Amino acid sequence: MSIFISLFAGLGLFFIGVRLISSHLRQVVGRRLRQLIARAVTGRGSLALFGLLAGAVMQSVNAVIHVLVALVTAGAMDRQRAFPIIRWANLGTSALALVAAIDLHALALCLVGLTGMAYYRQIDQSTRWRHAVGALLGLGLLFLGTDYIKSGAALLRTEPWLRLHISELGVWLLPSFLMGAAVAWAAQSSTTVVVITMSLAAGGLIGWNGGAMLVMGAGLGSAASAWSLAGRLQGSARQLVLFQVLLRLQGLLLTLLFYAANRWLLDDPFGRLLEQHFGLGLAARLAVFYMVVQLLSDLASRALQAPALRWLEAWAAPSLQENLSRPHSVHDEALDEAETALLLADKEQQRLLACLPAYLDPLRQDRLACEGSPALGPAERQAAEAQVLQLCEQFLVELADRQRSRDVLERCMVLRDRNRLLASLQDSLVELHQAAQTAGGAAADGAPVALLLDQLVQSLHLMLETLADTASRPLPDAEDLALLRSLTHDRSELMDGIRRRLQGSELESGLRQAVFSATTVFERCVWLARRYVLLLDAPASPPAS
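Residues numbered from 1 in each chain as written. Predicted model: local features only at pLDDT ≥ 70, side-chain atom pairs only at ≥ 80, totals over all residues. Heavy atoms only, no water.

Brief notes about the overall build of the protein chain
Looking only at helices and strands, the protein chain has 24 helices and 0 strands in total. The buried share of the protein chain, reckoned over its 545 residues, is 50%. Considering only contacts in the protein chain between residues 6 or more positions apart, those separated by 24 or more positions represent 81%. Per element, the accessible surface of the protein chain, about 26,400 Å² overall, is 61% carbon and sulfur. (Helix = DSSP H or I, 4+ residues; strand = E, 2+ residues; numbered from the N terminus. Buried < 20%, exposed > 50% of the residue type's maximum accessible area, 1.4 Å probe, protein only. Contact = heavy atoms within 4.5 Å. Areas by Shrake-Rupley, 256 points an atom, 1.4 Å probe, with all protein chains shown as cover.)

Dropping the structure here:
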């Protein structure tokens with residue numbers, strides 16, 4: 001019973017580690033670290049080395065995929081470069097000698113000890129280091145869980161009931177195949193099955209045919225475990241997981257064909273070659289066979305890469321929220337040229353400013369829904385576009401660090417002020433949407449309240465559209481700026497009058513409070529828009545010739 005508890009605890013620690021790494025790595029990946037990773041995995045050789053090391057150290061392609069998902073989601077890596085890393089990580093898991101040389105237990109304890117000291121020194125409370133500490137703890141728990149799984153699996157082969165029934169695996173090939181798949185699925189690692197199989201073969205408990213079936217079944221179990229990870233993932237993250245499933249299934253099909261031809265058509269020349277010419281024992285031959293499985297998977301994936309990628313794009317296309325969370329203009333290469341970088345940052349902000357009226361579309365009564373247009377709520381839109389604003393902020397900070405020109409620094413400050421105003425406008429529009437929905441849902445008759453809310457929404461929508469249109473022009477003229485200043489004049493007296501009239505009305509308290517919140521947020525949005533209008537006169541971009 002203690003063996004199964006060890007396996008169960010190992011799986012629990014593994015999943016906790018994976019969740020911690022995935023959640024914290026997205027926050028800890030800053031611009032400098034993204035640049036370091038991007039430069040480290042630019043060529044084929046660096047991609048291969050990164051994948052081999054990741055697979056050899058983690059001994060679980062699923063864990064490598066979780067790290068890649070976090071990097072791709074954070075914008076640190078393009079998914080096209082993540083696909084070959086997955087292929088090489090599968091090959092890296094076959095490096096059994098390297099795994100035997102690494103003491104995962106000691107490494108896991110060191111990582112947990114380091115994070116414990118960080119918690120004791122309250123480093124986890126620091127805004128700068130808390131996500132790094134969380135990711136480090138997740139990595140330690142992942143390694144510790146993997147060690148528990150390996151320890152439980154190593155003790156499993158000494159059980160008498162297992163020794164009694166394991167000898168039948170060489171006769172019944174299908175049960176051997178299914179057992180290998182089940183263990184690989186439960187352990188989240190096909191290497192665990194290979195280690196157990198090699199140990200059984202070295203002890204004389206299993207033959208070549210049964211061991212080969214266990215190894216091939218591990219490929220199916222690895223595909224099933226990868227498929228289970230794709231549950232809530234969407235877009236590029238789901239494509240990475242499905243790529244691993246396709247890779248495993250293609251390799252399994254080729255391996256079954258290879259095994260059938262080798263055993264029934266050619267009378268096992270592969271086994272005779274390894275045994276007679278190279279003098280390898282049964283355990284070593286199974287290790288070589290596992291490497292052949294990985295190589296066949298890699299070859300099949302390379303041969304069918306083009307149709308596989310088209311299928312992935314069709315089945316797991318990037319979601320609208322994922323597309324919104326990526327910048328359209330700013331990129332790291334533009335930082336070398338200050339004028340270009342400032343123009344791109346200004347263009348990115350103009351795009352985000354033009355998206356602000358879309359936050360109010362669900363509240364507009366006269367809005368006609370576009371056929372086939374994907375629906376995205378204001379909260380989801382704000383969560384996606386907030387990532388772009390964060391990237392713009394980091395982009396401008398690094399540009400200011402690189403360039404010491406007074407003109408560049410002044411324009412960076414103006415763009416950073418606009419960036420903060422855009423973030424505040426997004427938050428306020430989401431809050432306005434929630435307050436308006438609460439007021440509309442709580443209204444009994446709804447006519448006066450609905451009319452008031454619709455007037456607020458229409459006025460703010462017109463204001464934001466005019467602001468976006470004026471900001472998109474290279475040189476806004478005085479008339480346009482005067483119109484914007486009139487549209488964004490102070491509405492505090494008007495809103496106070498509305499609130500005083502509502503205070504003496506017979507509306508229920510919940511509805512009255514919701515309307516009060518809507519008018520307050522509307523007043524804040526007008527004030528933020530006016531501040532943005534005042535910044536349009538600032539030198540955010542060089543004058544047009």
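Things to note about the nonpolar core
Membership of the largest hydrophobic core comes to 64 residues, with the highest contact counts inside it found for Leu353, Leu356, Phe395, Leu429, Leu460 and Leu467. Looking at this core, the elements that each hand over two or more residues are α18 (338-355), α19 (378-402), α20 (406-442), α21 (447-471), α22 (478-487), α23 (492-503) and α24 (509-535). Element by element, the count of residues in this core is highest for α24, at 14 residues. (Core = buried A, V, L, I, M, F, W, Y, C linked by side-chain atoms within 4.5 Å.)

Observations regarding the pattern of salt bridges
A complete count under the given rule lists 15 salt bridges for this structure. Salt-bridge contacts for Arg87 lead to Asp298; the nearest nitrogen and oxygen are separated by 3.7 Å. Here Arg87 is found in helix α5 (residues 79-92), whereas its partner Asp298 is found in helix α15 (residues 282-303), with 211 residues between them in sequence. Summarising the burial analysis for this pair, Arg87 and Asp298 share the class buried. For Glu393, the salt bridge identified is with Arg416, shortest N-O distance 2.7 Å. Taken together, the residues Glu393 in helix α19 and Arg416 in helix α20 connect sequence positions 23 residues apart. When salt bridges with common partners are traced through the structure, they connect Glu393, Arg416, Asp417 and Arg420 into a single cluster. (Salt bridge = Lys/Arg side-chain N within 4 Å of Asp/Glu carboxyl O.)

Some thoughts on the side chain of Ser297
Inspection of the secondary structure assignment puts Ser297 in helix α15. Excluding residues within four positions of it along the chain, Ser297 makes contact with Leu247 and Gly251.

Quick look at the packing of aromatic side chains
The full count for this structure, using the stated rule, is 8 aromatic pairs. Where Trp208 meets Phe270, the ring centres are 6.3 Å apart and the plane angle is 40 degrees; that geometry is what we call tilted. Here Trp208, found in helix α12 (residues 208-229), pairs with Phe270, found in helix α14 (residues 269-277); they are 62 residues apart in sequence, far enough to count as distant. Exposure class is identical for Trp208 and Phe270. Each is buried. Judged by centre distance (6.0 Å) and plane angle (85 degrees), the ring pair of Tyr259 and Trp264 falls under edge-to-face. Here the aromatic residues Trp208, Phe258, Phe270 and Phe289 are joined through ring pairs into a cluster of three or more. (Phe/Tyr/Trp six-rings, centres within 6.5 Å; stacked < 30°, edge-to-face > 60°.)

Points about unusual backbone geometry
Keep in mind that most residues, glycine aside, have a negative phi and that most peptide bonds are trans. At Gln122, a residue that is not glycine, the phi angle is positive and equals roughly 60 degrees. Within the secondary structure, Gln122 sits in the loop between α7 (104-120) and α8 (130-156).

Quick word on the confidence of the model for the protein chain
When pLDDT is averaged along the protein chain, the result is 77; 78% of the residues meet or exceed 70. Least confident of the elements in the protein chain is helix α6 (residues 96-101), whose mean pLDDT is 43; most confident is α18, at 90. Here residues 367-374 is a poorly scored stretch, pLDDT under 50, and it has 3 contacts once near neighbours within four places are set aside; other chains count. (pLDDT = per-residue confidence, 0-100.)

Quick look at α5
Counted at 1.5 Å a residue, the expected span for α5 with its 14 residues is 20 Å, and the 20 Å between its end C-alpha atoms agrees. Most of α5 is tucked away: 11 of the 14 residues are buried. Of all the residues in α5, the buried ones are Arg79, Ala82, Phe83, Pro84, Ile85, Ile86, Arg87, Ala89, Asn90, Leu91 and Gly92. (Expected span 1.5 Å × (residues − 1).)

Section: the packing of α18 against α19
Contact geometry of α18 with α19 gives a least axis separation of 11 Å together with a crossing angle of 160 degrees. Taken together, the axes of α18 and α19 lie roughly antiparallel to each other. The two elements α18 and α19 meet at a crossing, and its hand is left-handed. Residues Ala338, Ala341, Leu342, Ala345, Glu348, Gln349, Arg351, Leu352 and Cys355 of α18 lie in contact with α19, whose contacting residues are Arg381, Glu385, Val388, Leu389, Cys392, Phe395, Leu396 and Leu399. (Axes fitted to C-alpha atoms, helices over the stretch in contact; angles between N-to-C directions. Parallel < 35°, antiparallel > 145°, perpendicular 65-115°, else oblique. Left-handed = near helix turned anticlockwise from the far one by under 90°.)

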